[in-house]
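Geometric and topological summary
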Amino acid sequence: NYDKGDAISHTCAYTVGLKQVSFGGEERTLVLIAVRGTEGGEWCSNFDFAPSWSDEGQFAENFLFAAEDAFVGVQSVLASVREPLVLVCGHSRGGACANLLGMLLSAELGEENVLTYTFASPATFRGEDCGVECGNIFNVINSGDVVPRVPLEGWGYRRLGEDILLEGE
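Calculation rules
Residues numbered from 1 in each chain as written. Predicted model: local features only at pLDDT ≥ 70, side-chain atom pairs only at ≥ 80, totals over all residues. Heavy atoms only, no water. Core = buried A, V, L, I, M, F, W, Y, C linked by side-chain atoms within 4.5 Å. Buried < 20%, exposed > 50% of the residue type's maximum accessible area, 1.4 Å probe, protein only. Helix = DSSP H or I, 4+ residues; strand = E, 2+ residues; numbered from the N terminus. Contact = heavy atoms within 4.5 Å. Expected span 1.5 Å × (residues − 1). Pairing = 2+ DSSP bridges. Axes fitted to C-alpha atoms, helices over the stretch in contact; angles between N-to-C directions. Parallel < 35°, antiparallel > 145°, perpendicular 65-115°, else oblique. Left-handed = near helix turned anticlockwise from the far one by under 90°.

1. Concerning the nonpolar core
Counting 35 residues, the largest nonpolar core has I33, M103 and L105 as its most contacted members. If you tally residues by element for this core, the top one is helix α4 (residues 93–109), at 8 residues. Beyond its immediate chain neighbours, meaning those up to four positions away, I33 contacts Y14, T15, V16, V74, V86, L87, V88, C89, L101 and L105.

2. Considerations on helix α2 (residues 61–73)
In this model, α2 (13 residues) spans 18 Å end to end at C-alpha, consistent with the 18 Å of a helix rising 1.5 Å per residue. Of the positions making up α2, those classed as buried are E61, N62, F63, L64, A66, A67, A70 and F71.

3. Quick word on the sheet that holds strand β1 (residues 14–23)
A sheet is described by the order of its strands in space; here 6 strands give the open sequence β1-β2-β3-β4-β6-β8, paired in mixed fashion. Of all strands in the sheet, those with a lone pairing partner are β1 and β8 (162–166), marking the two edges. On average, each strand axis in the sheet is inclined to that of its neighbour by 20°, with strand direction left out of account. Of the strand pairs in this sheet, strand β3 (residues 85–91) and strand β4 (residues 114–119) are connected by 6 bridges, and their pairing is parallel. Across the sheet, residue G90 finds its bridge partner in β4, namely T118. Relative to β3, α4 is tilted by about 160°, and along the sheet it contacts β2 (26–35), β3, β4 and β6 (137–142).

4. Considerations on the pairing of β2
Bridge count for β1 against β2 is 10 bridges, and the pairing is antiparallel. Bridging from a neighbouring strand, K19 pairs with L30 of β2. The antiparallel pairing of β1 with β2 creates a hairpin that spans 2 residues between the two strands, and G24 there sits at a positive phi of about 60°. As paired elements, β2 and β3 share 6 bridges and run parallel to each other. What sits directly across from L30, in β3, is L85.

5. With respect to the packing of α2 against α4
One can describe the packing of α2 onto α4 by two numbers: an axis separation of 8 Å at closest approach and a directional angle of 55°. Put simply, α2 runs oblique to α4. Crossing angle aside, the handedness with which α2 passes α4 is right-handed. Counted together, F63, L64, A66, A67, E68, A70 and F71 of α2 and R93, A96, C97, L100, L101, L104, L105 and E108 of α4 form the full contact between these two elements.

Here it is, written out as structure tokens:
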């Protein structure tokens, strides 16, 4: 789904790769899901946090809808692999989608079978608990980057998982 064509609203471009790896002393199939950052007209969707116009949602809906689209899109690949080990990564818009895709995949496959790394991810969630363990999600943030600051923390938004702050100018 890397070349999405005209489908720019509330979707994300991603690619999937498979590789046999040794993990925890076992041979497993690693499923890599790499989510591309913003391209072209997707900028508008980046700022459409609540297309439902509801102030009650727990998630930045624009990124949740994109993550759900990717989640559905990778089901056939995951079904073809016995006990997949999944690595999800993404940058910027792709990081926000990866953040939530990591949550969705963890709910389905278990936190121990999914690792998620985001880079410069916008905030995706507001609330106390999303109902899924997210200790396997790591968000690398540059302190000088504005992208991870939206949607605004003052509106209650944050990222799922652990933020890793890179200090710098």
